[in-house]
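# A closer look at the structure
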Amino acid sequence: MKKNSKIFLLGLLLAVASCSFTTKKFDTNSDKDAVLIELITYVLQKGHYDPKQINDAFSQEVFDSYILSLDPRKRYFLQEDIDKFEDYRNKIDDEIHNKKVDFFNLTYNTLQQRIEESKELYGSILDKPFDYTKEEDINTNYKEIPYAESKAALKDRWRKQLKFTALSNFYDLQKDEENKKKDDQEYTPKPDPELEKEARKSTQNSLEEAYDILDDVDRKDWFSMYINSIVEVFDPHTNYFAPRDKERFDIQMSGSLEGIGARLQKKMDNIKVLEIISGGPAWRGEELEVGDIIQKVKQEDEEEPVSIIGMPLDDAVELIKGPKGTVVTLTVKKVDGTVEDIKMERDIVEIEETYAKSSLVEKDDYKYGLINLPRFYFNIEDYDKRNAASDIKKEIKRLKKEDMDGLVLDLRNNGGGSLSTVVDIAGMFIEKGPIVQVRTSDNQREVLHDEDKSILWDGPLVILVNELSASASEILAAAMQDYQRAIIIGSKQTYGKGTVQNVIDLNRWMRNSDLGDMGALKMTTQKFYRVNGGSTQLKGVESDVVVPDRYSYIDIGERDMENPLPWDQIEPADYNKWTGYVDFDKTIAKSKDRMTKSAQLKLIDESAKWIEEQRQKDIYPLNFATYKEKILFSEEQAKRFDSISDYKTSLSFVSLPYEQKMFKTDTTLAEKRDRWHENLSQDVYVEEAILVLEDMKINSLKRSKVANYKK
């Protein structure tokens, strides 16, 4: 494939940008906070794809977001504090224009006072046993509950929150004692009063550790939170990074970092799993999954776990990651609402597992190829070195040597990456033509083409996607769908991220300043469009054949984030649809019909609905008997869906000859492939993809002989 320098530059989806608007001068003798706000808002107004008017409406959005981020569980501020803050609801824009930070100073000073007062609350509450026979409950929808009107009401809120935490600890301790008794009939379980005391002590220890971390949070850290409340009104992918964070804007425990291999995000007071990194301990363990909330972290040499609820993301990550070979136990609230302890041995992410891998799929007398692509990877210093496109090309050639009759490209959970590799991969399946359109804030449009007329694979093609297929994945799937080159099977729609971000070093404006490092700004500067003119933003790619999965009813896509850029469309590119299939629409119709009759998919859909029902629950009992009853009922209900994992297809999966040779000396690789093949043999989506390949008929006028394309 021919390389294009423009494509390569656009392929750096997150790159250090060079701005053309560097002429403005800033008063370096002013207060650093005021200069920083002025600098950031200037850069946003000049460089953001969709700049906002900084007016009263803007001020109101910042106000609500910022106040909630300061006190997500509403256990510090009183209503009288909020009433004082309200004076600034429509004035934040004026403060920005006038280079003032009075509002921030007021909120910061008030928060520090309330945090100190709260330290005196929890000790007195946890000194006494809780009454678990009392009929009362707690509302955990903190965003909707009002602020406390008085200090007495605030203390009662603390009491309920601490009781809820201790109740959960008490239940876990009691369950542990029951399990010990099952394992050893001679074991004498600890009495409930002792367990209740331990539960309160564990709650207090976790809280004290959280306060120790909170005490280390400097004023500048709180100010960064305020800055981010301003910039995130522009869109959810625009973020400010303080000096210590500007090299870590995408927090993930992967690459050279030793940890669990997961990317995390803070949402309200919770630390949520955003992505599982292929090849890492979490990926290998198969217990932690996207959407899980990590509540506690326990080190192998410590007796008590540490609660990370409300903890800054950086601090939570520091607790979770650690040296290779050490063990960490995470207390996790699963996507279905259940709580589990997951033990993992930290390790370095295995880079090989982030690369493309393939398998032959045998069914009846036919062979099909399946290629799994976790990311659109490339070497940032030298594109011609190993990248996703070159690896896909190798795998297709290897599969063709084995006489494959059709190809499945699995892009599920692929979060994106290099745009260059997308264009190159798409070009392997079409003669030539546009692949994606990119538009800048000044409406300049660039159409990126495959310029190579050769086709590597012109046989049947199916692409698998889900709600976690994002960015570059969506571009490839969209292009193949617009050309009618492939049938897309998966979720109702993909993630819906159709924007490009650049990282701006803010110090370029402050070279002769004594104010110190100003940090960096990650800013949305471009938007992707399909060749048919529609954006992939928000809508993502709608599958030709929609199949349910466990994320079907969960808020997990771009559309569920705060302030996403809107969907729109531009002029279509000039392209010709693929004419290599016969009965294309009929094939899709047959697949849809099979899906509606699938008992396995019906069960998966019921499970997804049940998971969403569990996640919608905000009211929890603080009576132990009622609490225990509800947990046991929920666990019993969940058993209905155990049979999902028992599903078996009739497909056989075989590694390619080059890998089979490697197995003789690399037994670890053999074990990994065995595990992968075992998972694929239980995968109803792969099974349907193969059935679709069987139904896809090739136009004999388009190709002289089917045998030719196998060469």
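Every chain begins its residue count from 1, and numbering advances along the sequence as written. The model is predicted, so local features are restricted to residues of pLDDT at least 70 and side-chain atom pairs to those at 80 or more, both for listing and for counting; the totals for chains, interfaces and linings are taken over all residues. As a rule here, side-chain values come from all non-hydrogen atoms in the structure, and water together with hydrogens is ignored.

### What about the domain arrangement of the protein?
Note the following rule: As used throughout, domain bounds are those supplied by an automatic or database domain assignment. Contacts were defined at the residue level, with two residues in contact if any of their heavy atoms lie within 4.5 Å. Simply put, the buried area is the total loss of 1.4 Å probe accessible area from both parts when two parts are fitted together. One speaks of a salt bridge when a side-chain nitrogen belonging to Lys or Arg is within 4 Å of a carboxyl oxygen belonging to Asp or Glu. Two N or O atoms count as a polar contact when they lie within 3.5 Å, although within protein this holds only if one can serve as hydrogen donor and the other as acceptor, and sequence-adjacent residues are included solely when both atoms are side-chain atoms. Segments assigned H or I by DSSP are reported as helices when at least four residues long, segments assigned E as strands when at least two residues long, and all are numbered from the N terminus. Residues are grouped as follows: Ala, Val, Leu, Ile, Met, Phe, Trp, Tyr, Cys and Pro are nonpolar; Asp, Glu, Lys and Arg are charged; every other residue, Gly included, is polar.
Domains assigned within the protein are domain 1 (52-233), domain 2 (256-350) and domain 3 (353-695). Measuring from the centre of the C-alpha atoms in domain 1 to the corresponding centre in domain 2 gives 21 Å. Listed per partner, the contact involves eleven residues of domain 1 and eleven residues of domain 2. Taking both partners together, domain 1 and domain 2 bury about 1,100 Å²; carbon and sulfur atoms supply 60% of that area. In this assembly, domain 1 and domain 2 are joined by zero salt bridges. Linking domain 1 with domain 2 are two residue pairs in polar contact (both at pLDDT 80 or more), by the criterion used here. Ranked by the residues each element gives to the side of domain 1 that touches domain 2, the list is headed by helix 8 (residues 192-215), at five residues. A per-class count over the side of domain 1 that touches domain 2 returns four nonpolar, four polar and three charged.

### A few points about unusual backbone geometry
Positive phi, normally seen in glycine, also occurs at aspartate 364, with a value near 55°. Within the element layout of this structure, aspartate 364 appears in the loop between strand 12 (357-363) and strand 13 (366-372). The phi angle at asparagine 413 is positive, at roughly 65°, despite the residue not being glycine. Topologically, asparagine 413 is positioned in the loop between strand 14 (407-410) and helix 13 (419-426).

### Points about the packing of aromatic side chains
Note the cut-off: Think of it this way: a Phe, Tyr or Trp ring, Trp meaning its six-membered ring, pairs with another when their centres are within 6.5 Å, and the plane angle makes it stacked under 30 degrees, edge-to-face over 60, tilted otherwise. Only protein chains enter the area calculation, which uses a 1.4 Å probe; residues under 20% of their type maximum are buried, those over 50% are exposed, and those in between are partly exposed. Cation placement over rings: the criterion is NZ of Lys or CZ of Arg within 6 Å of the ring centroid and within 35° of the ring normal.
Inspection of the entire model under this criterion finds 24 aromatic pairs. Considering the side-chain rings of tyrosine 88 and phenylalanine 103, the 5.4 Å spacing of their centres and the 35° angle between planes classify their relative orientation as tilted. Within this pair, whereas tyrosine 88 is found in the loop between helix 4 (79-85) and helix 5 (92-97), its partner phenylalanine 103 is found in helix 6 (residues 102-126), the two being separated by 15 residues in sequence. The exposure class assigned to phenylalanine 103 is buried, which follows from its relative accessible area of 0%. Through successive ring pairs, a cluster of aromatic residues spans Phe63, Tyr66, Tyr88, Phe103, Phe104, Tyr108, Phe223 and Tyr226. Note that arginine 508 overlies the ring of tryptophan 509, its terminal NZ or CZ placed 5.9 Å from the centroid. Of note, lysine 539 hangs over the ring of tryptophan 567, and the distance from its end group to the ring centre comes to 3.8 Å.

### Here we look at the pairing of strand 9 (residues 327-333)
Put simply, the test is: Between any two strands, at least two bridges found by DSSP are needed for them to pair.
Among the seven residues in strand 9, five count as buried, and that is most of the element. Sheet analysis places strand 7 (residues 293-299) next to strand 9, joined by six bridges and oriented antiparallel. Residue pairing for strand 9: glutamine 299 is matched across the bridge by valine 328. As paired elements, strand 9 and strand 10 (residues 339-345) share seven bridges and run antiparallel to each other. Bridging from a neighbouring strand, valine 327 pairs with glutamate 345 of strand 10.

### Side note on the confidence of the model for the protein
Going by this rule: Values of pLDDT, the confidence the predictor places in each residue, fall between 0 and 100.
In this model, the protein carries a mean pLDDT of 88, and residues with pLDDT of at least 70 account for 91%. Segment residues 249-257 is flagged for pLDDT under 50; beyond a separation of four residues in sequence, or across chains, it makes 31 contacts in the model.

### Here we look at the packing of helix 12 (residues 388-401) against helix 13
Stated precisely, the cut-off is as follows: Here an axis means a line fitted to C-alpha atoms, over the contact stretch when the element is a helix, while the angle between two N-to-C directions is reported on a 0 to 180 degree scale. By the definition adopted for this analysis, an angle is roughly parallel if under 35 degrees, roughly antiparallel if over 145, roughly perpendicular if from 65 to 115, and oblique otherwise.
Put simply, helix 12 and helix 13 touch, their axes get as near as 8 Å, and they point 25° apart. One finds that helix 12 runs roughly parallel with respect to helix 13. Counting all contacts with helix 12, which are made through Ala388, Ala389 and Ile392, the residues of helix 13 involved are Thr421, Asp424 and Ile425. For the contact of helix 12 with helix 13, the residue count by class is four nonpolar, one polar and one charged.

### Let's talk about the side chain of aspartate 81
Tracing the sequence through the fold places aspartate 81 in helix 4. Reaching out from aspartate 81, the side chain makes a polar contact with the side chain of arginine 114 at a distance of 2.8 Å. The contact partners of aspartate 81, leaving out residues within four places of it in the chain, are Thr110 and Arg114.

### Topic: the sheet that holds strand 21 (residues 545-546)
Pairing is mixed in the open sheet, where seven strands are placed in the order 21-18-17-14-13-12-24. Where the open sheet ends on each side, the last strands, each with one partner, are strand 21 and strand 24 (652-654). Of the pairings in the sheet, the one linking strand 12 to strand 24 comprises three bridges and is antiparallel in character. Within strand 24, the residue paired with valine 361 across the bridge is phenylalanine 653.

### Re the side chain of lysine 527
Along the chain, lysine 527 falls in strand 20 (residues 520-529). A polar side-chain atom of lysine 527 sits 2.6 Å from the main-chain carbonyl oxygen of proline 566. Those residues within four positions of lysine 527 in sequence are excluded, and the remaining contacts are Tyr49, Gln437, Val438, Arg439, Gly498, Thr499, Ser535, Gln537, Pro566 and Asp568.

### Here we look at the pattern of salt bridges
Taken as a whole and judged by the stated rule, the model has 42 salt bridges. The partner of lysine 143 in a salt bridge is glutamate 562, with the nearest N and O atoms 3.8 Å apart. Of this pair, lysine 143 sits in the loop between strand 2 (137-139) and helix 7 (151-183) while glutamate 562 sits in the loop between strand 21 and strand 22 (581-582), and the two are 419 residues apart along the sequence. The shortest N-O distance in the salt bridge between glutamate 635 and lysine 175 comes to 3.4 Å. Separated by 460 residues along the polypeptide, glutamate 635 in helix 17 (residues 624-638) and lysine 175 in helix 7 bring together distant segments of the chain. The exposure class assigned to glutamate 635 is partly exposed, which follows from its relative accessible area of 29%.

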